[in-house]
Amino acid sequence: MTADRHHAAALADRIGSMRFAMFTFRDQYDHLVSQPMTKQDVDAEGGIWFFVNSTTELWDSIAHQPEVNVSFADNDNSTYVSVSGRAERVVDRAQVEARWNPMVQAWFPAGPGDQHAVLVRVDPHAAEYWDSNDSKMVRLFAMAKAAVTGTQPDVDGEHGTIKL
(Lines give C-alpha, C1' and ligand atoms only; values in the text may rest on other atoms or scores of the structure.)
Protein backbone atom coordinates (compact mmCIF):
# COMPACT_ATOMS: atom_id res chain seq x y z
CA MET A 1 0.00 0.00 0.00
CA THR A 2 1.46 3.40 -0.96
CA ALA A 3 1.81 6.17 1.63
CA ASP A 4 -1.08 8.07 0.04
CA ARG A 5 -3.36 5.02 0.16
CA HIS A 6 -2.25 4.37 3.74
CA HIS A 7 -3.15 7.95 4.71
CA ALA A 8 -6.48 7.72 2.86
CA ALA A 9 -7.26 4.49 4.71
CA ALA A 10 -6.33 6.14 8.02
CA LEU A 11 -8.71 9.02 7.24
CA ALA A 12 -11.54 6.63 6.29
CA ASP A 13 -10.92 4.73 9.52
CA ARG A 14 -11.04 7.92 11.62
CA ILE A 15 -14.27 9.09 10.02
CA GLY A 16 -15.65 5.55 10.26
CA SER A 17 -19.38 5.45 10.77
CA MET A 18 -19.73 9.21 11.33
CA ARG A 19 -22.33 10.08 8.68
CA PHE A 20 -23.02 13.73 9.36
CA ALA A 21 -20.61 16.60 8.95
CA MET A 22 -20.53 20.36 9.04
CA PHE A 23 -19.42 21.46 5.57
CA THR A 24 -17.74 24.90 5.64
CA PHE A 25 -17.30 26.97 2.50
CA ARG A 26 -17.05 30.63 1.46
CA ASP A 27 -20.23 32.42 0.37
CA GLN A 28 -20.55 35.11 -2.31
CA TYR A 29 -19.31 37.72 0.20
CA ASP A 30 -16.26 35.60 1.09
CA HIS A 31 -17.71 34.81 4.53
CA LEU A 32 -17.31 31.36 6.02
CA VAL A 33 -20.63 29.49 6.06
CA SER A 34 -21.32 26.01 7.41
CA GLN A 35 -24.16 23.62 6.77
CA PRO A 36 -24.86 20.03 7.77
CA MET A 37 -24.24 17.42 5.09
CA THR A 38 -24.46 13.63 4.96
CA LYS A 39 -21.31 11.77 3.96
CA GLN A 40 -22.03 9.23 1.24
CA ASP A 41 -18.66 7.61 0.75
CA VAL A 42 -14.90 7.86 1.28
CA ASP A 43 -13.09 6.54 -1.80
CA ALA A 44 -9.73 4.76 -1.98
CA GLU A 45 -7.91 8.08 -2.54
CA GLY A 46 -9.51 9.63 0.57
CA GLY A 47 -12.08 11.66 -1.38
CA ILE A 48 -15.21 12.35 0.65
CA TRP A 49 -18.46 12.35 -1.34
CA PHE A 50 -21.70 14.27 -0.68
CA PHE A 51 -24.94 14.71 -2.59
CA VAL A 52 -25.98 18.31 -3.14
CA ASN A 53 -28.64 20.18 -5.08
CA SER A 54 -27.19 22.09 -8.03
CA THR A 55 -29.41 25.10 -7.22
CA THR A 56 -27.79 25.75 -3.83
CA GLU A 57 -25.33 28.39 -2.71
CA LEU A 58 -22.84 25.65 -1.81
CA TRP A 59 -22.82 24.37 -5.40
CA ASP A 60 -22.30 27.86 -6.81
CA SER A 61 -19.67 28.87 -4.26
CA ILE A 62 -17.31 25.96 -4.69
CA ALA A 63 -17.06 26.72 -8.40
CA HIS A 64 -15.24 29.94 -7.42
CA GLN A 65 -13.89 29.11 -3.95
CA PRO A 66 -13.14 25.36 -3.85
CA GLU A 67 -11.18 25.37 -0.56
CA VAL A 68 -13.45 23.87 2.12
CA ASN A 69 -13.45 22.24 5.54
CA VAL A 70 -15.53 19.28 6.62
CA SER A 71 -15.86 18.52 10.34
CA PHE A 72 -17.17 15.29 11.83
CA ALA A 73 -18.08 14.67 15.48
CA ASP A 74 -18.98 11.56 17.42
CA ASN A 75 -19.83 13.04 20.80
CA ASP A 76 -20.64 9.68 22.39
CA ASN A 77 -17.09 8.46 21.80
CA SER A 78 -15.37 11.86 21.97
CA THR A 79 -13.97 11.50 18.46
CA TYR A 80 -13.63 14.57 16.25
CA VAL A 81 -12.16 14.95 12.76
CA SER A 82 -11.58 18.15 10.80
CA VAL A 83 -10.70 17.76 7.11
CA SER A 84 -9.38 20.58 4.94
CA GLY A 85 -9.47 20.10 1.21
CA ARG A 86 -10.52 21.16 -2.24
CA ALA A 87 -14.09 20.54 -3.35
CA GLU A 88 -14.94 19.55 -6.89
CA ARG A 89 -18.35 19.55 -8.52
CA VAL A 90 -19.29 16.19 -10.07
CA VAL A 91 -22.21 15.93 -12.50
CA ASP A 92 -21.37 12.46 -13.79
CA ARG A 93 -24.70 10.56 -13.88
CA ALA A 94 -22.89 7.22 -13.48
CA GLN A 95 -21.36 8.49 -10.21
CA VAL A 96 -24.78 9.74 -9.07
CA GLU A 97 -26.33 6.34 -9.78
CA ALA A 98 -23.46 4.46 -8.10
CA ARG A 99 -23.84 6.43 -4.85
CA TRP A 100 -27.64 6.62 -4.85
CA ASN A 101 -29.42 5.24 -1.78
CA PRO A 102 -32.88 5.43 -0.17
CA MET A 103 -31.88 8.34 2.08
CA VAL A 104 -30.92 10.47 -0.93
CA GLN A 105 -34.31 9.66 -2.47
CA ALA A 106 -35.92 11.69 0.35
CA TRP A 107 -34.13 14.84 -0.88
CA PHE A 108 -34.54 14.10 -4.58
CA PRO A 109 -37.94 12.38 -5.03
CA ALA A 110 -37.51 12.28 -8.83
CA GLY A 111 -34.69 9.76 -8.31
CA PRO A 112 -31.14 9.61 -9.63
CA GLY A 113 -32.26 11.09 -12.95
CA ASP A 114 -33.08 14.41 -11.23
CA GLN A 115 -30.92 16.98 -13.03
CA HIS A 116 -30.32 18.83 -9.74
CA ALA A 117 -29.01 15.72 -7.93
CA VAL A 118 -25.25 16.16 -8.21
CA LEU A 119 -22.20 15.32 -6.14
CA VAL A 120 -19.41 17.16 -4.40
CA ARG A 121 -16.14 15.32 -3.81
CA VAL A 122 -13.73 16.78 -1.27
CA ASP A 123 -10.12 15.96 -2.07
CA PRO A 124 -8.46 16.27 1.37
CA HIS A 125 -5.17 18.09 1.95
CA ALA A 126 -4.99 17.14 5.62
CA ALA A 127 -7.14 15.93 8.48
CA GLU A 128 -6.74 16.68 12.15
CA TYR A 129 -8.32 14.41 14.73
CA TRP A 130 -8.98 14.19 18.43
CA ASP A 131 -9.92 10.87 19.99
CA SER A 132 -10.44 10.14 23.68
CA ASN A 133 -9.52 6.70 24.91
CA ASP A 134 -11.40 7.12 28.20
CA SER A 135 -15.01 6.15 28.78
CA LYS A 136 -17.66 8.83 28.93
CA MET A 137 -17.94 8.45 32.73
CA VAL A 138 -14.17 8.85 33.18
CA ARG A 139 -14.21 11.99 30.99
CA LEU A 140 -17.15 13.47 32.92
CA PHE A 141 -15.45 12.75 36.25
CA ALA A 142 -12.18 14.32 35.03
CA MET A 143 -14.01 17.46 33.87
CA ALA A 144 -15.94 17.75 37.15
CA LYS A 145 -12.74 17.28 39.16
CA ALA A 146 -10.96 19.91 37.06
CA ALA A 147 -13.81 22.38 37.56
CA VAL A 148 -13.68 21.92 41.33
CA THR A 149 -9.88 22.01 41.62
CA GLY A 150 -9.27 24.74 39.02
CA THR A 151 -7.01 22.49 36.95
CA GLN A 152 -7.24 21.12 33.44
CA PRO A 153 -8.98 17.76 33.02
CA ASP A 154 -6.69 14.74 32.89
CA VAL A 155 -8.09 12.60 30.09
CA ASP A 156 -6.36 9.95 28.03
CA GLY A 157 -6.64 10.85 24.39
CA GLU A 158 -4.97 11.06 21.05
CA HIS A 159 -4.49 14.03 18.74
CA GLY A 160 -2.83 13.93 15.38
CA THR A 161 -2.71 15.04 11.78
CA ILE A 162 -3.07 12.97 8.62
CA LYS A 163 -1.41 14.58 5.57
CA LEU A 164 -2.83 13.52 2.23
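That block above? That's the structure.
If you're wondering where the values come from, they're calculated on a predicted model, not measured in any experiment.

Engineer: What should I look at first to understand the nonpolar core in this one?
Structural biologist: Proteins that are soluble and globular tend to have nonpolar side chains buried together. Phe23, Ile48, Phe50, Phe72, Val81 and Val122 are the most contacted members of the largest nonpolar core, which totals 25 residues. Examining the composition of this core, we find that five residues originate from one element, strand 6 (residues 117-132), more than from any other. Ignoring sequence-local partners within four residues, the contact set of Phe72 consists of Ile15, Met18, Phe20, Ala21, Lys39, Ile48, Phe50, Thr79, Tyr80 and Val81. Ranked by size, the runner-up nonpolar core spans nine residues in total, among them Trp49, Trp100, Phe108 and Leu119.

Engineer: Teacher, can you tell me more about the pattern of salt bridges here?
Structural biologist: Two side chains bearing opposite charge may form a pair once their charged atoms approach each other closely. According to the stated counting rule, one finds seven salt bridges in the structure shown. A salt bridge links Asp30 to Arg26; its shortest N-O distance comes to 3.7 Å. Since its relative accessible area comes to 40%, Asp30 is described here as partly exposed. When the shortest N-O distance is used, the salt bridge between Arg86 and Glu67 registers 3.1 Å.

Engineer: I tried to follow the packing of aromatic side chains on my own but got confused; where do I start?
Structural biologist: Each aromatic ring pair is specified by the distance between its two centres and by the angle formed by the two planes. All told, the structure shown has three aromatic pairs when counted by the stated rule. Taking the centre distance of 5.4 Å and the plane angle of 85 degrees together, the rings of Phe23 and Phe50 count as edge-to-face. Remark: Phe50 occurs in strand 3 (residues 48-53) and Phe23 occurs in strand 1 (residues 20-26); sequence separation between them is 27 residues. With a centroid separation of 6.3 Å and 50 degrees between ring planes, the pair formed by Trp100 and Phe108 is classed as tilted.

Quick notes on the rules
- Residue numbers restart at each chain and count upward from 1, following the sequence in its written direction.
- Totals for whole chains, interfaces and linings use all residues, but because this is a predicted model, local features are given only for residues with pLDDT of at least 70 and pairs of side-chain atoms are given and counted only at 80 or more.
- Hydrogens are left out, water is left out, and the side-chain values use all remaining heavy atoms of the structure.
- By nonpolar core is meant a set of buried Ala, Val, Leu, Ile, Met, Phe, Trp, Tyr and Cys residues that side-chain atoms within 4.5 Å join together.
- The buried label goes to any residue with under 20% of its type's maximum accessible area, the exposed label to any with over 50%, and the partly exposed label to all in between, with areas taken from a 1.4 Å probe on protein chains only.
- Going along the chain from the N terminus, every DSSP run of H or I of four or more residues is numbered as a helix, and every run of E of two or more is numbered as a strand.
- In what follows, a contact means two residues having at least one pair of non-hydrogen atoms within 4.5 Å.
- Here, a salt bridge means any side-chain nitrogen of Lys or Arg that lies within 4 Å of a carboxyl oxygen of Asp or Glu.
- Two aromatic rings, drawn from Phe, Tyr or Trp (for Trp, its six-membered ring), form a pair once their centres lie within 6.5 Å of each other, and the interplanar angle then sorts them: stacked below 30 degrees, edge-to-face above 60, tilted otherwise.

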